[in-house]
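These are the residues of each chain, in order.
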Amino acid sequence: MNEAMQGEKPWEWSEARWRGIVGRARGGRSLAPRVWPEGAQCAVALSFDADHETIPLRDNDESPMRISQGQYGARQGVPRIRRLLARHGCPATFFYPAVSALLHSEEVRGVVGEGHEIGIHSWIHENNTSLPPGAERELTFRAADTLEKITGRRPVGIRTASWDFSADTLDVIRELGLLYDSSLMADDDPYEIEDGGQPTGIVELPPEWIRDDAVYFNMLRFSGLRPYTPPSAVEEIFRAEFDGALAEGGVFLLTMHPHIIGHRSRIVLLDRLIEHMKASGKVWFATHEQLATWCKQQAA
Ligand SMILES: [Zn+2]
């Protein structure tokens with residue numbers, strides 16, 4: 001892009017320009033399968049973004065208070081989540097910023113030992129769209145290497161921190177040879193990412209803010225951000241999203257954070273939600289990797 005084009009206002013853009021922007025990392029063919037394993041009627045993919053201390057670190061905030069909120073995710077959140085998943089026999093995917101995985105290596109290995117998947121989630125929860133040129137590639141590769149070193153297995157999937165997807169993210173994902181991404185939102189169900197009209201072979205497992213605990217429960221002392229939604233209302237929203245997925249035979253993908261969902265008043269909503277899903281019929285609980293692998297195979 002030359003300098004003159006950069007200075008153009010959106011209403012001055014050529015058709016080629018706006019078509020080019022829209023064509024990046026775009027939703028391609030649907031990968032919603034006709035059937036699910038074990039005769040299930042829908043798929044459930046639970047994910048936990050184990051950010052822990054990396055949110056204040058990313059913000060250059062050295063306050064022990066904010067860092068302690070992150071540590072809560074490791075001290076109370078993850079243990080409660082692991083007990084809950086073990087009791088229900090549900091596999092899940094844990095996305096770790098590399099710095100969080102380095103701070104809590106034993107936790108990561110414990111999670112892997114219980115059959116859960118570990119996915120890439122940035123280096124220190126940096127925002128991809130605000131990085132200098134080249135940094136995103138270097139940090140994402142370093143994150144993948146770090147997780148591999150800790151777990152003994154190379155991760156096959158990524159969720160960008162804050163779902164912040166830059167114009168370069170897809171190239172980094174392709175270069176890493178990943179199976180799937182879980183940051184883009186063009187559908188309810190899995191799809192293949194296209195780039196400039198060309199299929200990439202990368203499976204997108206779409207998240208959504210609607211199905212994210214942080215949206216409803218986050219709180220910042222020095223801003224107007226407060227958790228106004230009670231856990232019962234969040235449970236109602238998540239249930240309605242699941243019920244819709246069940247009715248359509250699709251995917252219910254839920255994003256949670258140990259330091260947010262892991263509190264006493266909230267973990268019980270996840271417990272009841274899993275009970276509801278199990279009671280609703282035949283549900284396939286899968287890691288993101290299992291889900292992406294199935295959808296890609298069925299579409300082949
Ligand atoms: Zn995160």
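Computed from a prediction, not measured in an experiment: that's the story for all the values here.

Pulling in residues and values, what's your account of the coordination of the zinc ion?
The coordination sphere of the zinc ion contains the protein donors Asp51 (OD), Asp51 (OD), His121 (NE2) and His125 (NE2), at a distance range of 2.0 to 2.5 Å. Of note is the zinc ion, whose four donor atoms meet at the metal with angles of 53 to 137 degrees in an arrangement that counts as irregular. Going along the chain, you hit the donors of the zinc ion in the pattern D-x69-H-x3-H. Separated by 70 residues along the polypeptide, Asp51 in the loop between strand E2 (42-49) and helix H3 (54-58) and His121 in the loop between strand E4 (117-120) and helix H7 (135-151) bring together distant segments of the chain. Across this residue pair, the class does not change: Asp51 and His121 are buried.

For helix H4 (residues 64-88), give the residues involved together with the corresponding values.
The terminal C-alpha atoms of H4 lie 35 Å apart, and with 25 residues this matches the ideal 36 Å at 1.5 Å per residue to within 8%. The largest bend in H4 amounts to roughly 40 degrees and is located at Gly77, with the proline Pro79 lying one to four residues further along. Those residues of H4 lying buried are Arg66, Gly70, Gly73, Ala74, Gly77, Val78, Arg80, Ile81, Leu84, Leu85 and His88. Tucked into the core, H4 has its buried residues touching E2, H3, strand E3 (93-96), helix H6 (105-113), helix H11 (258-261) and helix H12 (264-279). Just beyond H4, the residue with positive phi is Gly89, at close to 65 degrees.

Mind laying out the pairing of E3, listing which residues take part and the relevant values?
Because side chains alternate across E3, one face comprises the buried residues Thr93 and Phe95, and the other comprises Phe94 and Tyr96, equally buried. Sheet topology places E2 next to E3; three bridges connect them, and they run parallel. Following the sheet pairing, Asp49 is matched in E3 by Phe95. Relative to E4, E3 runs parallel, the two being bridged by four bridges. Across the sheet, Phe95 pairs through a bridge with Gly119, a residue of E4.

Quick notes on the rules
- Residues numbered from 1 in each chain as written.
- Predicted model: local features only at pLDDT ≥ 70, side-chain atom pairs only at ≥ 80, totals over all residues.
- Heavy atoms only, no water.
- Donors = N, O, S within 2.8 Å, 3.2 Å for Na, K, Ca; no water.
- Tetrahedral: all angles 85-135°; square planar, octahedral: opposite > 155°, others 65-115°.
- Helix = DSSP H or I, 4+ residues; strand = E, 2+ residues; numbered from the N terminus.
- Buried < 20%, exposed > 50% of the residue type's maximum accessible area, 1.4 Å probe, protein only.
- Expected span 1.5 Å × (residues − 1).
- Bend = angle between axes of the 7 residues up to and from the residue.
- Contact = heavy atoms within 4.5 Å.
- Pairing = 2+ DSSP bridges.

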